[in-house]
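Examination of the molecular architecture
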There are 2 protein chains.
Amino acid sequence: MESCAFAPANISLVFETYDAHPPHGRGSLGVGITLTEGCRVRVQRSSDDAHRILVGGEAWEFPTVRTVLCELSSVPLRVEIEAAFPFGCGFGMSGASALAAAFAVNQLLSLNRGRNELGMIAHRAEVENATGLGDVGGQFNGGIMIKRHKFEPLTVEQLPVPPQTLHVRIFGPIHTPDVINSREKLQHINRAGHAAMQEITDAGSALTMDGLFRISHTFAAGSGLLQSARLRDAIASARAAGHAASMIMLGEAAVSTGSFPGSQPVEILYDGVSLCR
Amino acid sequence: MESCAFAPANISLVFETYDAHPPHGRGSLGVGITLTEGCRVRVQRSSDDAHRILVGGEAWEFPTVRTVLCELSSVPLRVEIEAAFPFGCGFGMSGASALAAAFAVNQLLSLNRGRNELGMIAHRAEVENATGLGDVGGQFNGGIMIKRHKFEPLTVEQLPVPPQTLHVRIFGPIHTPDVINSREKLQHINRAGHAAMQEITDAGSALTMDGLFRISHTFAAGSGLLQSARLRDAIASARAAGHAASMIMLGEAAVSTGSFPGSQPVEILYDGVSLCR
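What comes next concerns the included structure. Counting restarts for each chain, with residues numbered from 1 along the sequence as it is written. A letter from A marks each chain and a number from 1 marks each ligand, given out in the order of writing. Given that this is a predicted model, residues contribute local features only at a pLDDT of at least 70 and side-chain atom pairs are listed and counted only at 80 or more, while totals for whole chains, interfaces and linings are drawn from all residues. The basis for the side-chain values is all heavy atoms of the structure; hydrogens and waters are excluded.

Residues and elements named next belong to chain A. Burial analysis of strand β10 (residues 251-256) places six of its six residues in the buried class, which makes it a mostly covered element. A 1.4 Å probe rolled over the protein chains alone gives each residue an accessible area, and that area as a share of the maximum for its type sets the label: buried under 20%, exposed over 50%, partly exposed in between. Strands are runs of DSSP state E lasting at least two residues, helices are runs of H or I lasting at least four, and both sets are numbered from the N terminus onward. Burial of β10 is two-sided: the residues G251, A253 and V255 facing one way and the residues E252, A254 and S256 facing the other way are all buried. The criterion for strand pairing is that DSSP finds at least two bridges linking the strands in question. Two strands pair when backbone bridges link them, and strand β8 (residues 166-173) and β10 are joined in this way by six bridges, in the antiparallel orientation. Pairing of P173 across the sheet is with G251, part of β10.

This part takes up the packing of helix α1 (residues 63-72) of chain B against helix α3 (residues 115-128) of chain B. Residues and elements named next belong to chain B. In the contact formed by α1 and α3, the axes pass within 8 Å of each other and the chain directions differ by 135 degrees. The orientation of α1 relative to α3 falls into the category oblique. Like other packed secondary-structure pairs, α1 and α3 cross with a definite hand, here right-handed. Facing α1, whose interface residues are T64, T67, V68, E71 and L72, α3 presents L118, I121, A122, R124, A125, E126 and E128. Here the axes come from fitting lines to C-alpha atoms, over the contacting stretch only for helices, and the angles between their N-to-C directions go from 0 to 180 degrees. Any angle that is under 35 degrees is reported as roughly parallel, and any over 145 degrees as roughly antiparallel; angles of 65 to 115 degrees are reported as roughly perpendicular and all others as oblique. Throughout, a crossing is termed right-handed when the near helix is turned clockwise from the far one, and left-handed when it is turned anticlockwise from it by less than a right angle. Residues count as neighbours in contact if any of their non-hydrogen atoms are within 4.5 Å of one another.

In this section: the relation of the copies chain B and chain A. For the pair of chain copies, the relating transformation is a rotation about an axis with a translation along it. For this overlay, a least-squares fit was computed on C-alpha atoms, restricted to residues scoring pLDDT of at least 70 in both copies. Mapping chain B onto chain A leaves a residual RMSD of 0.0 Å; the transformation is a rotation of 180 degrees accompanied by 0.0 Å of translation along its axis. Each copy turns onto its partner about a two-fold axis. Nearest to the rotation axis, the C-alpha of R277(B) is located 2.7 Å from it, this being the minimum over chain B. In this assembly the copies share their binding face: 100% of the residues contributing to the interface of chain B also contribute to that of chain A.

This part takes up the interface of chain B and chain A. Taken residue by residue, the interface counts 28 residues in chain B and 29 residues in chain A. Summing both partners gives a buried area of about 2300 Å² for chain B against chain A, and 44% of it is carried by carbon and sulfur. A side-chain nitrogen of Lys or Arg and a carboxyl oxygen of Asp or Glu constitute a salt bridge if their distance falls within 4 Å. Taken together, the connections running from chain B to chain A amount to four salt bridges. Residue R277(A) is joined to D271(B) by a salt bridge in which the shortest nitrogen-to-oxygen separation is 3.5 Å. Any N or O atom pair separated by 3.5 Å or less is treated as a polar contact, with the protein-specific requirement of one donor-capable and one acceptor-capable atom, and with residues adjacent in sequence counted only for side-chain atom pairs. At the surface where chain B touches chain A, the tally comes to 20 residue pairs in polar contact (both at pLDDT 80 or more). Of all elements in the fold, only β2 (27-45), α2 (93-108), α4 (135-141) and β12 (274-275) of chain B reach the threshold of two or more residues within the side of chain B that touches chain A. With three residues, α2(B) is the largest single contributor of residues to the side of chain B that touches chain A. Here the residues of the side of chain B that touches chain A sort into twelve nonpolar, eleven polar and five charged. Buried area: the accessible area, evaluated with a 1.4 Å probe, that two parts lose upon being put together, summed over both parts. Residue polarity is assigned by list, with Asp, Glu, Lys and Arg as charged and Ala, Val, Leu, Ile, Met, Phe, Trp, Tyr, Cys and Pro as nonpolar; anything else, Gly included, falls into the polar class.

All names here are of chain B. In spatial order, the strands read β9-β10-β8-β11; together these four strands make up an open sheet with antiparallel pairing. Each of the sheet's edge strands pairs with one partner strand only, and the pair in question is β9 (245-247) and β11 (264-266). Strand after strand, the sheet turns through a mean of 30 degrees between neighbouring axes, direction not considered. Packed on one face of the sheet, helix α8 (residues 229-240) meets β8 (166-173), β9 and β10 (251-256) and runs near 0 degrees to β10.

Bringing the pairing of strand β1 (residues 2-18) of chain B into the picture now. Residues and elements named next belong to chain B. For β1, the tally of buried residues reaches 16 of 17 residues, placing the bulk of the element in the interior. Here β1 runs beside β12; their pairing, made up of two bridges, is antiparallel. Across the sheet, A5 pairs through a bridge with L275, a residue of β12.

Side-chain rings of Phe, Tyr and Trp, where Trp is taken by its six-membered ring, are said to pair if the distance between their centres is within 6.5 Å; with planes under 30 degrees apart they count as stacked, over 60 as edge-to-face, and otherwise as tilted. The final tally for this structure, using the stated rule, is twelve aromatic pairs over all chains. With a centroid separation of 4.3 Å and an interplanar angle of 10 degrees, the aromatic rings of F85(A) and F91(A) are classed as stacked. Of the two residues, F85(A) and F91(A), neither departs from the other in class, the shared state being buried. Each ring, one from F62(B) and one from F87(B), has its centre 5.4 Å from the other, and the planes form 80 degrees; the classification is edge-to-face. Residue F62(B) is found in the loop between β4 (58-60) and α1, and its partner F87(B) is found in the loop between β5 (77-83) and α2; the two are separated by 25 residues along the sequence. On the accessibility criterion, F62(B) (7% relative accessible area) is buried. Grouping aromatic residues by their ring pairs yields a cluster made of W60(A), F62(A) and F87(A). Above the ring of F140(A), the side-chain terminus of R115(A) is found at 5.0 Å from the ring centroid. In this scheme, Lys NZ or Arg CZ marks a charge over a ring once it lies within 6 Å of the ring centre and within 35 degrees of the ring normal.

Residues and elements named next belong to chain B. Put simply, a disulfide is two cysteine sulfurs that come within 2.5 Å. For the structure shown, the criterion picks out two disulfides over all chains. In this model C4 forms its disulfide with C276; the gap between the sulfur atoms is 2.0 Å. Here the S-S torsion is close to -55 degrees, and the disulfide linking C4 with C276 is therefore left-handed. Of this pair, C4 sits in strand β1 while C276 sits in the segment after β12, and the two are 272 residues apart along the sequence. What makes C4 buried here is its relative accessible area of 12%. This cysteine, C70, is not joined by any disulfide, and C39 carries the nearest cysteine sulfur, 19 Å off. Classification of C70 by relative accessible area gives exposed; the value is 52%.

Rendered as C-alpha cells:
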C-alpha cells in the first residue's frame, strides 16, 4: 500500500524572523505566494532497517524529511519525492517535502493526526534543520498570503492582491542555514523586513502585485540578500521591460510580473497541502 | 479553463445542534468520520446566462451549491458534480459539493479567498438551505473527529480512535430539513446527543471504534432518529455477527466495524477538502 501527498512551492517575497526558547519555536513573518507546481511525496512501508528517502530517484539523507518520519513513524518507510523546482533556490522545496511527507505518512499509517498537528511537525522539522522558517505555513494554506502573527506559524491572511501569471528564473541555490543562523545577517534582514511589512500593511486594499514586488525588491536590496550580479541583471532586465520584479527568498532566483529573458511562467495555487487525488 | 476540487464524504455518528441569531450561525457539535470517496466538483465559466449545476450529468437546481456560487461569482459558471454516494443518505454529499465548489471556484476565478473563508461560505450555505449543520467542518479537516466548540464550525479535534476499514449499507434518504427545522425533534436529539458527547469525553483515550459505535447506536435509538425497521434489522445483523454498528446521521443507512449482509467496505481519509491533483 502507498499513500501520496502534494504540497505547493512557496516563493517568499518579504520576511522577518523571530526567535524563541526553545529554539524550535522560531519562525518568520512575511509574504509568500504558492504555485500550482510543488512536491509530490509517495510513502510506503519499507523492508529496509531504516527510513529510505529518494529524491527524483536518488537516495538522499534529507534531515528535514527524516525528522518528520522519525516523529511520526516507528516502522521503516520508503519515501519518494518528486520536486518541480530545484532545492535551495527559494521555492520552499524542503518545506513542501516535509509537509507532504507528514500528510502521506498520516494516511499510510492511519495515524489520525489533525491537519494543524501535521503542519506544526513539518514546520518544526524545517526550523530544527534550518532549511526554512516560514514556507510551511504558506504551503499549509495556499494563495497570496501574509503572516503577521508571531508564534502562529500556520496562521496566514490572504492579501487582497489581484492575481496573475508570474515569471521566474532560477540561477542557483543559497545555503539557507548560512543566513538564518547568522545573527549579523538577520539583524540587517529584520530591519529591512520589518519596514517592508509595515509598508504592505499601510498599503491596505490598494496593494497590487506590482506594488508588492516593488516593496520586495527594496527589501531584497536593503536586507543585503540581493548580492548576485546576474540576479540583479535579471531583475533589471525585467524592470526595463516594464514589469515589477524581485528576488525569491532565499534563492538565487528572480520573479517578475511579466516575462523576461530566460524566464518561465508559473501559476498561483489557491490551496495548501493535500493528499493526492 | 477548468478547476476541480474534491471533498470527502463525512458520516456523522453523534450530534447535537445549537441555535444562533442570525440563524445562519447555527451549527452542530458531534463526531464524524471522513471517507476516501466523496464529491469531485469541476467548474468552468459558462456561456449561459445563469449558473448551471450538473450532478452525474443531470441538471439540478441544488440550492446549497447555488448559494456558494452566488456568494463567490458574478459570472455564470458551469458546475459538474460527481458524487460517490447518494444524496440525503447521511454521507454529507451536499456539504461536500458546496465545499468542493467553493474551492474550485476560488481557483478558477483566482479569488484568493483563504481556506477558512471558503469553509465558512460552504458551511453557511448548508445551514441556510437546511441540508446539514455539521458535515462541512468535518470535510474541511478530515479524520475521525469530534467538534466540541459552539460557533466554531470548522474547528475539530481528532479522536484517539485506532482506525480500521468500515462497512456501510445504504437503504435510502432522510429529508434533513424535516429534522433540523423541527423544534420538537431537535429537543429529543439534543438531549440524547448531549449525553452521548459526554460519554465520549468521559471515555478519553480509552475510546475505541467499537465503543464509539455503541455510543452512536444508543444515541440513534434514544434520539428518535432510528425509526426504519429495515435499518434496525441491518444494525442487528451486524451486531449479531459480533461487530459494533450504528445508524449514519441523517440517512437511512448503517455503518459497522465489520461486514454484514449487503454492506460495502469504505476507508477513512485523513485529509480534508482540496483541489484535485
